[in-house]
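Residues per chain, in single letters:
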Amino acid sequence: MRQLIFIIVLFFSTSAFAATIQIDFTPYDSYSVEVAKIDVGDTIEWLPKNEGHNVEFLGGPDFSSLPEKSDLNAFYSVTFNLPGVYLYHCTPHGNTGMIGLVIVGNDFHNLKDIESIELSRTAKSVLERLIRIAKSDS
């Protein structure tokens, strides 16, 4: 019985401390938070405050379990349970640099994989800037 109580307390204590970050689609073809640093178990919500945008993941620590692409102009929510670096973009505007990074658990183990993803020249330049920001905040 004591073990069951411990498991229940552990479950509720970890879920009680999970954070939710909100990111807007801006009128400038960008995300309001370009580099989100979160803990394992945290959730990010993308809010369609400007039309014509979505979220599509291009890479992460486990490519086979990446979240599905969101619909245009739709609320979108993802809870991140695997540590690592995630790269996403807006499907219609990714080539013009509307990309974002999620760093889960301050874990950069798959950064080389993210850097090797084929992007337009503009998006690659933005990615390099975002990686510098992410590393400087470590």
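Notes on the structure follow. Just so it is clear, the model here is predicted, and its values are computed rather than measured.

### Notes on the pattern of salt bridges
Then, in step 1: Using the criterion set out here, one finds two salt bridges in the structure.
Then, in step 2: As a salt-bridge pair, Lys-112 and Glu-115 come within 3.7 Å of each other at their nearest N and O atoms. With Lys-112 and Glu-115 both in helix α2 (residues 111-115) and three residues apart, the pair spans about one turn of that helix.

### Some remarks on the packing of aromatic side chains
Then, in step 1: One pass over the full model with this rule turns up nine aromatic pairs.
Then, in step 2: With centroids separated by 5.2 Å and ring planes inclined at 75°, the aromatic side chains of Trp-46 and Tyr-88 adopt a geometry described as edge-to-face. Taken together, the positions of Trp-46 in strand β3 (residues 43-47) and Tyr-88 in strand β6 (residues 84-89) put the pair 42 residues apart, joining distant regions of the chain. Judged on exposure class, the residue Trp-46 and its partner Tyr-88 are both buried.
Then, in step 3: Through a chain of ring-to-ring contacts, the aromatic side chains of Phe-25, Tyr-31, Trp-46, Phe-57, Tyr-76, Phe-80, Tyr-86 and Tyr-88 assemble into a single cluster.

### Brief notes about the environment of Cys-90
Then, in step 1: Looking at where Cys-90 falls in the secondary structure, it is placed in the loop between β6 and β7 (99-104).
Then, in step 2: Taking relative accessible area as the criterion, Cys-90 reaches 0% and is therefore assigned buried.
Then, in step 3: In this structure the C-alpha to C-alpha distance between Cys-90 and Ser-30, which are 60 residues apart in sequence, comes to 8.5 Å.
Then, in step 4: If we ignore the near neighbours within four places in the chain, the residues touching Cys-90 are Tyr-31, Gly-52, His-53, Asn-54 and Met-98.

### Here we look at the side chain of His-89
Then, in step 1: Within the secondary structure, His-89 sits in strand β6.
Then, in step 2: The exposure class assigned to His-89 is buried, which follows from its relative accessible area of 12%.
Then, in step 3: Those residues within four positions of His-89 in sequence are excluded, and the remaining contacts are Tyr-31, Asn-54, Val-55, Glu-56, Leu-58, Gly-94, Met-98 and Ile-99.

### Comments concerning the nonpolar core
Then, in step 1: In terms of nonpolar packing, the biggest core is built from 19 residues, with Tyr-31, Trp-46, Phe-57 and Phe-80 touching the most fellow members.
Then, in step 2: When contributions to this core are tallied by element, the ones reaching two or more residues are β2 (35-38), β3, β5 (76-79), β6 and β7.
Then, in step 3: Those residues within four positions of Phe-80 in sequence are excluded, and the remaining contacts are Ile-38, Asp-39, Val-40, Gly-41, Asp-42, Ile-44, Trp-46, Phe-57, Tyr-86, Val-102 and Val-104.
Then, in step 4: Counting residues in hydrophobic clusters, the runner-up holds 16 residues, among them Val-35, Leu-111, Ala-123 and Val-126.

Here is what the cut-offs are and how they apply
The residue count restarts for each chain, going from 1 along the sequence in the order it is written. Where local features are concerned, this predicted model is filtered to residues with pLDDT of at least 70; where side-chain atom pairs are given and counted, the filter is 80 or more; whole-chain, interface and lining totals use all residues. Working from all heavy atoms in the structure, the side-chain values ignore hydrogens and water. Here a salt bridge means any side-chain nitrogen of Lys or Arg lying within 4 Å of a carboxyl oxygen belonging to Asp or Glu. To qualify as a helix, a DSSP run of H or I must reach at least 4 residues; to qualify as a strand, a run of E must reach at least 2; elements of each kind are numbered from the N terminus. Under the pairing criterion, centres of Phe, Tyr and Trp rings, with the six-membered ring standing for Trp, must be within 6.5 Å; the plane angle then separates stacked pairs below 30 degrees from edge-to-face pairs above 60, leaving the rest tilted. To sort residues, take the accessible area from a 1.4 Å probe on protein chains only and compare it with the maximum for the residue type: under 20% means buried, over 50% means exposed, and anything in between is partly exposed. Contacts are residue-level and defined by heavy atoms, with any inter-residue pair within 4.5 Å sufficient. Only buried residues count toward a nonpolar core, which is a set of Ala, Val, Leu, Ile, Met, Phe, Trp, Tyr and Cys residues joined through side-chain atoms within 4.5 Å.

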